[in-house]
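# Descriptive analysis of the structure
Each chain, letter by letter, is given below.
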Amino acid sequence: MGWTDERVETLKKLWLDGLSASQIAKQLGGVTRNAVIGKVHRLGLSGRAAPSHPSRPAFKAPRPPRPISMPTPRARSLEPRPHATPAPRPAPFVELPGTATVLTLGAHMCKWPIGDPASSDFTFCGRRASDEGPYCIDHARVAYQPPQGKKKTSVAELTRSLRRYI
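Attention in this report is confined to the structure presented alongside it. In this text, all values refer to a predicted model and were calculated from it rather than measured experimentally. By convention here, each chain's residues receive numbers from 1 onward along its written sequence. In view of the model being predicted, local features appear only for residues whose pLDDT reaches at least 70, and side-chain atom pairs are presented and counted only at 80 or more, with totals across whole chains, interfaces and linings using the full set of residues. Only hydrogens and water are removed before side-chain values are computed, so all heavy atoms of the structure are retained for them.

### What about the environment of Thr-104?
Note the threshold: Elements are defined by DSSP. Helices are runs of H or I of four residues or more, strands are runs of E of two residues or more, and each kind is numbered from the N terminus. Burial status follows relative accessibility: with a 1.4 Å probe on protein chains alone, a residue under 20% of its type maximum counts as buried, one over 50% as exposed, and anything between as partly exposed. Should any heavy atoms of two residues lie within 4.5 Å, those residues are counted as being in contact.
One can find Thr-104 in the loop between helix H3 (33-43) and strand S1 (113-114). According to the relative accessible area criterion, Thr-104 is partly exposed, its value standing at 38%. Expressed as a C-alpha distance, the spacing of Thr-104 and Gly-126, which sit 22 residues apart in the sequence, is 8.8 Å. Residues in contact with Thr-104, not counting those within four places in the same chain, are Pro-62, Thr-99 and Met-109.

### Considering the side chain of Lys-39
Convention followed: Positive charges are assigned to Lys and Arg, negative charges to Asp and Glu, while His and the chain termini are left out of the count. By definition, a salt bridge exists where a carboxyl oxygen of Asp or Glu is found within 4 Å of a side-chain nitrogen of Lys or Arg.
In this structure, Lys-39 sits in helix H3. One buried charged residue, Lys-39, forms no salt bridge at all, with the nearest opposite charge on Asp-5 at 7.9 Å. When neighbours within four sequence positions are excluded, Lys-39 is seen to be in contact with Trp-3, Val-8 and Leu-11.

### A few points about the nonpolar core
This is how the line gets drawn: What we call a nonpolar core is a set of buried Ala, Val, Leu, Ile, Met, Phe, Trp, Tyr and Cys residues that are connected through their side-chain atoms within 4.5 Å.
One finds Leu-11, Leu-14, Trp-15, Leu-19, Ala-21, Ile-24, Ala-25, Leu-28, Val-31, Val-36, Val-40 and Leu-45 forming the largest nonpolar core, which totals twelve residues. At the level of secondary structure, the elements contributing two or more residues to this core comprise helix H1 (5-16), helix H2 (21-28) and H3. A per-element tally of this core places H2 first, with four residues. By size, the runner-up hydrophobic cluster in this structure holds seven residues, among which are Trp-112, Ile-114, Tyr-135 and Ala-140.

### Things to note about the pattern of salt bridges
Evaluated as defined, the whole model comprises four salt bridges. For Asp-138, the salt bridge identified is with Arg-127, shortest N-O distance 3.2 Å. Taken as a pair, Asp-138 in helix H4 (residues 137-143) and Arg-127 in the loop between strand S2 (123-124) and H4 lie far apart in primary sequence, eleven residues in all. Residue classification places Arg-127 among the partly exposed residues on the basis of a relative accessible area of 40%. The shortest N-O distance in the salt bridge between Arg-141 and Asp-138 comes to 3.3 Å. In this pair, Arg-141 and Asp-138 both sit in helix H4, three residues apart, roughly one turn of the helix.

### Observations concerning the environment of Ala-143
Mapped onto the fold, Ala-143 is located in helix H4. For Ala-143, a relative accessible area of 34% puts it in the partly exposed group. Linking Ala-143 and Trp-112, residues 31 residues apart in sequence, is a C-alpha distance of 9.1 Å. If we ignore the near neighbours within four places in the chain, the residues touching Ala-143 are Trp-112 and Tyr-135.

### Focus on H2
To be explicit about the condition: Regarding the arc, it is the one traced by the directions from the helix axis to the C-beta atoms.
Within H2, burial applies to Ala-21, Ile-24, Ala-25 and Leu-28. Down the axis of H2, the sector holding all buried residues measures 100 degrees, keeping them to one side. For H2, exposure combined with an orientation more than 90 degrees from the buried face picks out Lys-26 and Gln-27. Downstream of H2 by one or two residues, Gly-29 has phi in the positive range, about 75 degrees.

### Here we look at the packing of aromatic side chains
The line we're drawing: By convention, a stacked pair of Phe, Tyr or Trp rings (six-membered ring in the case of Trp) has centres within 6.5 Å and planes under 30 degrees apart, an edge-to-face pair has planes over 60 apart, and any other such pair is tilted. Think of it as a cone above the ring: NZ of Lys or CZ of Arg counts as a charge over the ring if it is within 6 Å of the ring centre and within 35 degrees of the ring normal.
Under the definition given, this model contains three aromatic pairs. Centre to centre, the rings of Trp-112 and Tyr-135 are 5.3 Å apart; their planes meet at 75 degrees, and the pair counts as edge-to-face. In this pair, Trp-112 sits in the loop between H3 and S1 while Tyr-135 sits in the loop between S2 and H4, placing the two residues 23 residues apart along the sequence. Accessibility classification places Trp-112 together with Tyr-135 in one group, the buried group. When the ring of Tyr-135 is compared with that of Tyr-144, the centres are 6.1 Å apart and the planes differ by 45 degrees; the resulting orientation is tilted. Ring-pair connections join several aromatic residues into one group, and the members of that group are Trp-112, Tyr-135 and Tyr-144. Cation over ring: Arg-7 sits above Trp-3, and NZ or CZ is 5.8 Å from the ring centre.

Rendered as structure tokens:
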């Protein structure tokens, strides 16, 4: 079906009433949503009485970096430790929040992720990255483990592995 003067006037009225292109196409019949959008564009009907989607801000302003509290060093005792007492197990390391967000992360900053990327308090380490990679020295030690040496195999294991070649 073509665009008659009557259909164009109906289109203009429905568009200014705030109906979507799909709703207008359904009411006019015989045209698709894309045909309605094309005709609206050619007619220059960009202004609408009511927008179909509420406007949202483009981005959130970055939060100010949180201060990092450094643990105070303990005074060392000069007395030797008795050998009979077992050493206490170290507490699991808890990563402190980083100082960089996706918006503030620079080229020479540590890109070690801290936290859950889906949460609002997700950050990156943000310290100065080493020259060899994207992480600071501390996080590079965690990320890049040296290869484990091969364990010595027994004669039985060696024989078993060579059987497929015999």
